[in-house]
Amino acid sequence: MTFPYDRERLNALVADVDARLENVDKVSQQASQVQLRSSGLSQADLAEINRAAHGPNAPRELRELARRVDAGEMSWEDIASGRALGDEGVQSALATGLPDLQRAYTQLQEGNDPEDVIESGRPRRGGDDDDEPSSFTEDAW
């Protein structure tokens, strides 16, 4: 018994498969030449985080996290990569910055200049000639 088929249709299908395979080879070659961006923070970034976490203005939760990193319980790379996100101490330390991040996000959404948003988040260094209060309380008004 012979298999009934349309020779032209079969040739067209084979040509289509060959063309797709050739395209896969081209795309694969192009993809292998793409240089990936840095995945994560640099060692300098991690050193800056460590410095800030040990600083006098660091929140208690962040200082505790730095103590744990110093003790070898985890690394800043673990925290930055997300491997340590399930840890309650990491969550507490990250949560201390959420109000500032929300403020910055809101200001950016309102159309404020990113440089101004960054500057507004930096602590002011007041001197003796600084006559503005560093924080406002209800009775300040």
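Refer to the structure presented above.
Since the structure is predicted, the reported quantities are computational estimates derived from the model, not experimental observations.

(A) Quick look at the overall build of the chain. The number of helices and strands found in the chain is 7 helices and 0 strands. When the helices and strands of the chain are listed from N to C terminus, the series reads α-α-α-α-α-α-α. Residue pairs at least 24 apart in sequence account for 26% of intrachain contacts in the chain once pairs closer than 6 positions are excluded. Element-wise, carbon and sulfur atoms account for 51% of the exposed surface of the chain, whose accessible area totals about 12200 Å².

(B) Quick look at the pattern of salt bridges. Counting across every chain of the model gives 8 salt bridges. Across the pair R68 and D87 runs a salt bridge whose closest N-O atoms are separated by 2.7 Å. Of the two residues, R68 sits in helix α3 (residues 60-70) while D87 sits in the loop between α4 (76-81) and α5 (88-95), which places them 19 residues apart along the sequence. Under the relative-accessibility criterion, R68 is labelled buried at 14%. On the accessibility criterion, D87 (22% relative accessible area) is partly exposed. Connected via shared salt-bridge partners are R68, E73 and D87.

(C) Layout of the nonpolar core. Counting 11 residues, the largest nonpolar core is built from L46, A53, L65, A66, V69, M74, W76, I79, A84, V90 and A93. Counting only elements with at least two residues in this core, the list comes to α2 (43-53), α3, α4 and α5. Top contributing element to this core by residue count: α3, with 3 residues. Residues in contact with A84, not counting those within four places in the same chain, are M74, D78, I79 and V90.

(D) Focus on the environment of E73. Relative to the helices and strands, E73 is located in the loop between α3 and α4. Here E73 falls in the partly exposed class, since its relative accessible area comes to 46%. Those residues in contact with E73 that lie beyond four places of it in its chain are R67 and R68. Separated by 2.8 Å, the side chains of E73 and R68 make a polar contact.

(E) Focus on the environment of H54. By secondary structure assignment, the location of H54 is in the loop between α2 and α3. The spacing of H54 and E64 is 10 residues in sequence and 9.3 Å in space, taken between C-alpha atoms. Residues within four places of H54 in sequence aside, it is in contact with A66 and D70. Within the structure, the side chain of H54 is placed 2.8 Å from the backbone oxygen of N50, a separation counted as a polar contact.

(F) Representation of α3 within the structure. Taken together, the buried positions of α3 are L65, A66, R68 and V69. Seen along its axis, α3 keeps its buried residues to an arc of 160°; they face one direction. Along α3, exposed side chains directed more than 90 degrees from the buried face belong to R60 and D70. Each element contacted by the buried residues of α3 is listed here: α2, α4 and α5.

Reading the values: the criteria
Residues numbered from 1 in each chain as written. Predicted model: local features only at pLDDT ≥ 70, side-chain atom pairs only at ≥ 80, totals over all residues. Heavy atoms only, no water. Helix = DSSP H or I, 4+ residues; strand = E, 2+ residues; numbered from the N terminus. Contact = heavy atoms within 4.5 Å. Areas by Shrake-Rupley, 256 points an atom, 1.4 Å probe, with all protein chains shown as cover. Salt bridge = Lys/Arg side-chain N within 4 Å of Asp/Glu carboxyl O. Buried < 20%, exposed > 50% of the residue type's maximum accessible area, 1.4 Å probe, protein only. Core = buried A, V, L, I, M, F, W, Y, C linked by side-chain atoms within 4.5 Å. Polar contact = N/O pair within 3.5 Å; in protein donor to acceptor, adjacent residues only side chain to side chain. Arc of directions from axis to C-beta.

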